[in-house]
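Summary of structural features
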Amino acid sequence: TVLNSVLAVCALADELYGTTASHDATTAAPARVEEHIVAFSITLGNLAGFTLGSMPVCHGAGGLMAQHRFGARTGVAPMLLGAGKIVFGALAMAANATLRRDGGDILTEILLCFPKGILGVSLFVCGVAFAQHALKSALSCTDDRQAPFVCMCTCACALKYKSAVALLVGGVAHTLLL
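Some points on helix 3 (residues 61–69)
Residues separated by three or four positions in an α-helix point in the same direction, a consequence of the helix having 3.6 residues per turn. Every buried residue of helix 3 is accounted for by A61, L64, M65 and H68. Here the buried residues of helix 3 occupy an arc of 95° about the axis, which is enough to place them on one side. Each element contacted by the buried residues of helix 3 is listed here: helix 1 (2–17) and helix 6 (116–139). Looking one or two places after helix 3, you find G71, whose phi comes out positive at around 110°.

Below, the structure written as structure tokens:
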């Protein structure tokens, strides 16, 4: 979780947006997204969610890549997404309370009606964007000629096995090729 929700988010934000991802107003100099700030925001979100009975959440590199891939380039997009979720949830709660349904809730029924094909295509597009980004990053490593090979080995293992196995294989391949 720390790798995906903190380290990968910070690295991806820096690569996608450069130093414009964060801006230090006191020095008027661009700054990078810092890991401790991202980790702290996840902690605050989970503590607030805990009091309301929610599941643990994180930022996740997948969400950042998906939002970027589908056109979000400023901080307004996540705020609109969050506001839309709050409004949608409030309306669903009001509908449940009004209809006093026993044995099910309206929000679940609405979400089950969402077309699975749209979700599948969205996940596929985001996965391809991740793969393109990883390959581009590996090919741009001028000091590491084996980076594309290590990237492909890690990717192949991630597709066939679990990500822990892929991480181990990628680490071993990188170490052996040094």
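A short note on the nonpolar core
What tends to happen in soluble globular proteins is that the nonpolar side chains get buried as a cluster. Ranked by size, the top nonpolar core spans 13 residues in total, and within it L12, V33, V38, L64 and M65 carry the most contacts. Looking at this core, the element that brings in the most residues is helix 1, giving 5 residues. Ignoring sequence-local partners within four residues, the contact set of L64 consists of V9, L12, A13, L16 and Y17.

A short note on a nonpolar patch on the surface
There is a patch of nonpolar side chains on the surface, built from F149, L168, V172, L176 and L177 and spanning about 500 Å² of accessible area. At 3 residues, the largest contribution of residues to the nonpolar patch is made by helix 8 (residues 163–176). Following the sequence through the fold, L177 ends up in the segment after helix 8.

Some remarks on the side chain of H68
Take H68: it is sitting in helix 3. Polar side-chain contacts of H68 include one of 2.9 Å to the side chain of Y17. If sequence neighbours within four positions are ignored, H68 has contacts with L16, Y17 and R73.

Overview of the packing of helix 7 (residues 147–160) against helix 8
Closest axis-to-axis distance for the helix 7/helix 8 pair is 8 Å, and the angle between their directions is 160°. As the angle between them shows, helix 7 and helix 8 are arranged roughly antiparallel. Crossing geometry of helix 7 relative to helix 8 is assigned as right-handed. Residues V150, T154, C157 and A158 of helix 7 touch helix 8, and the partners they reach there are A166, V169, G170, A173 and H174.

Notes on the state of the cysteines
Under the definition given, this model contains 0 disulfides. Its sulfur unpaired, C151 is 6.5 Å from the next cysteine sulfur, which belongs to C155. What makes C151 buried here is its relative accessible area of 19%.

Focus on the environment of H68
Classification of H68 as buried rests on a relative accessible area of 14%. A sequence separation of 51 residues divides H68 from Y17, and the C-alpha atoms of the two residues are 9.7 Å apart.

Considering the side chain of S5
Among the secondary structure elements, S5 is positioned in helix 1. S5 sits in the buried class, given a relative accessible area of 3%. Discounting chain neighbours no more than four positions away, the residues touching S5 are V38, I42, C58, H59 and G60.

A word on the confidence of the model for the protein
Close reading of the predicted structure is inappropriate where its pLDDT is low. With 87% of its residues at a pLDDT of at least 70, the protein reaches an overall mean of 82. Across the protein, the element-wise mean pLDDT spans from 52 in strand 1 (residues 22–24) up to 90 in helix 2 (residues 35–52).

Describing the packing of helix 1 against helix 3
Viewed as axis vectors pointing N to C, helix 1 and helix 3 meet at an angle of 25°, and their least axial separation amounts to 8 Å. Taken together, the axes of helix 1 and helix 3 are roughly parallel relative to one another. Taking contact as the criterion, the partners of N4, A8, V9, L12, A13, L16 and Y17 in helix 1 are, on helix 3, A61, G62, L64, M65 and H68. For the contact of helix 1 with helix 3, the per-class residue count stands at 9 nonpolar, 3 polar and no charged.

So, helix 2
Here helix 2 is 18 residues long and its end C-alpha atoms lie 26 Å apart, about the 26 Å a rise of 1.5 Å per residue gives. V38, I42 and G49 are the residues of helix 2 that are buried. Buried residues of helix 2, viewed axially, fall in a sector of 40°; they line one side. Exposed and facing more than 90 degrees away from the buried side of helix 2 are H36, F40, L47, F50 and T51. Those residues of helix 2 hidden inside the fold are in contact with helix 1. Two residues or fewer past helix 2, G53 is found with a positive phi of approximately 85°.

Procedures and definitions
Residues numbered from 1 in each chain as written. Predicted model: local features only at pLDDT ≥ 70, side-chain atom pairs only at ≥ 80, totals over all residues. Heavy atoms only, no water. Buried < 20%, exposed > 50% of the residue type's maximum accessible area, 1.4 Å probe, protein only. Helix = DSSP H or I, 4+ residues; strand = E, 2+ residues; numbered from the N terminus. Arc of directions from axis to C-beta. Contact = heavy atoms within 4.5 Å. Core = buried A, V, L, I, M, F, W, Y, C linked by side-chain atoms within 4.5 Å. Patch = residues over 30% accessible without salt bridge, like charges linked within 9 Å, V, L, I, M, F, W, Y side chains within 5 Å. Areas by Shrake-Rupley, 256 points an atom, 1.4 Å probe, with all protein chains shown as cover. Salt bridge = Lys/Arg side-chain N within 4 Å of Asp/Glu carboxyl O. Polar contact = N/O pair within 3.5 Å; in protein donor to acceptor, adjacent residues only side chain to side chain. Axes fitted to C-alpha atoms, helices over the stretch in contact; angles between N-to-C directions. Parallel < 35°, antiparallel > 145°, perpendicular 65-115°, else oblique. Left-handed = near helix turned anticlockwise from the far one by under 90°. Disulfide = S-S within 2.5 Å. pLDDT = per-residue confidence, 0-100. Nonpolar A, V, L, I, M, F, W, Y, C, P; charged D, E, K, R; others polar. Expected span 1.5 Å × (residues − 1).

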